[in-house]
Structures are given as structure tokens and as C-alpha cells.
Amino acid sequence: MSSEICPTTASEEYWISFRIIMASSSLISIVGSSTIICMILRGPKKLRQLNNRIILSMSFVDILYSGALLFSTTPIPRNTHCTFGNIGNAQTCAAQGFFIHIGTCVPLYNAMLCIYYMARICYKIDEATIQKNYEIFMHGIALLPPLTVAILGVAFNLFQSRLVFCWFA
């Protein structure tokens, strides 16, 4: 740690505790999402139902996001001050920032799941109609904006240290 003025004066014990909590919660999320994926792929209906495909996609993206958070401060460039355990470089920081931003697909997939259930329950639209007319848009809305922004973030070198992980500076 540097002697320069930092937004936090956290001790080394704080940073170690923070990293343990980040790693623990990330691993729990990865295990949970992996379990959901296994349940869907082994289940009797597998991928025939749209809600299963949405949940499968959401779980897959959550694994990527949680994997990026698992490393917490490690990918932050080595010469960055005011943080602890940073041994990365600009590329590791960009990779972490990319996957953390991809995590914004999770709430968008959750919104698509809500729309699916609203269409099925409130508007009584059958599964085949939703699959045929709306599924591609549901995946597109959930994936394309975060993916586009994440790619642009890497292309324009916008991912920097945010003290506890790398994201948009």
C-alpha cells in the first residue's frame, strides 16, 4: 500500500477479510448456478421449455460474473495504490471488467423471465407462440447491450481499478 491519500484507510486484515467474503460468496453463487444448470439439463423437460432456456442462460452468465468476482483485487494492476493483493496487469483488469459487465445480463434475463410468466399467466399466450415470436428478442435484449458495452470497454481500454475490482473507470 502506498502512503498517498486513499479513499479508504483499510488495514491489511480488512482486505483479507474482504477477499475471503468475496471468494466465499462467489463460490456459493457458482455452485448454485452450476446446480441449476445440471438440474435443467438432467430434467425430463430439459431445454424444451422457454423458461428453462432463460434460466439456463441466466445461470451460465452468473457463473462468468461470479468467476470474475472470485478474484476480487487480484487482477488489478500491480502498480495500483490503495488496494491489497493486486498482482495483475491491464489485460487481467480488462478481462475481469469484461466479465463483471457481462454480469448485467443476469437482471436482464430475470426481466425476460418475468415477461415470459406475465405472457403465460396474465395474457394466456401459449408456449409455442412465445417461442416462435419472442424468444430471439428475449435473448437479444438480455445479451446484446451488455455484450456490446463490454466489448467497447475492452476496445477503448475503459476498464480500470475501482479499488475492489476492475470495472469502468
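Residues numbered from 1 in each chain as written. Predicted model: local features only at pLDDT ≥ 70, side-chain atom pairs only at ≥ 80, totals over all residues. Heavy atoms only, no water.

## Quick look at the side chain of aspartate 62
Here's step 1: As for its position among the elements, aspartate 62 is in helix 2 (residues 50–70).
Here's step 2: Among buried Asp, Glu, Lys and Arg side chains, aspartate 62 stands out as unpaired, with arginine 42 the closest opposite charge at 18 Å.
Here's step 3: Polar side-chain contacts of aspartate 62 include one of 2.6 Å to the side chain of serine 29.
Here's step 4: Here the side chain of aspartate 62 touches serine 33 through a polar contact of 2.6 Å, side chain to side chain.
Here's step 5: Among residues more than four places away in sequence, those in contact with aspartate 62 are Ser29, Ser33 and Val106. (Helix = DSSP H or I, 4+ residues; strand = E, 2+ residues; numbered from the N terminus. Buried < 20%, exposed > 50% of the residue type's maximum accessible area, 1.4 Å probe, protein only. Lys, Arg positive; Asp, Glu negative; His and termini not counted. Salt bridge = Lys/Arg side-chain N within 4 Å of Asp/Glu carboxyl O. Polar contact = N/O pair within 3.5 Å; in protein donor to acceptor, adjacent residues only side chain to side chain. Contact = heavy atoms within 4.5 Å.)

## Digging into the pattern of salt bridges
Here's step 1: Across all of its chains, the model carries two salt bridges by this definition.
Here's step 2: We note a salt bridge from arginine 53 to glutamate 135, for which the minimum N-O separation is 2.6 Å. Here the residue arginine 53 occupies a position in helix 2, and glutamate 135 occupies one in helix 6 (residues 135–155), the gap between them amounting to 82 residues.
Here's step 3: The buried category is assigned to arginine 53, whose relative accessible area is 16%.
Here's step 4: Here glutamate 135 falls in the buried class, since its relative accessible area comes to 15%.
Here's step 5: Here arginine 120 ties to glutamate 127 by a salt bridge, and the two come within 3.8 Å at their closest N and O atoms.
Here's step 6: Here arginine 120 falls in the partly exposed class, since its relative accessible area comes to 33%.
Here's step 7: Take glutamate 127: its relative accessible area is 15%, and that puts it in the buried class.

## Brief notes about the state of the cysteines
Linking two cysteines covalently via their sulfur atoms produces the bond known as a disulfide.
Here's step 1: Going through the model one piece at a time under the given rule, you end up with one disulfide.
Here's step 2: Disulfide partner of cysteine 93: cysteine 166, at an S-S distance of 2.1 Å. Its torsion about the S-S bond being -115°, the disulfide of cysteine 93 and cysteine 166 is classed as left-handed. Of the two residues, cysteine 93 sits in helix 3 (residues 90–102) while cysteine 166 sits in strand 2 (residues 166–168), which places them 73 residues apart along the sequence.
Here's step 3: A relative accessible area of 2% means that cysteine 93 is categorised as buried.
Here's step 4: Taking the relative accessible area as the measure of exposure, cysteine 166 reaches 0% and is therefore buried.
Here's step 5: Here cysteine 105 stays unpaired: no disulfide links it, and the sulfur of cysteine 114, its closest cysteine neighbor, is 16 Å away. (Disulfide = S-S within 2.5 Å.)

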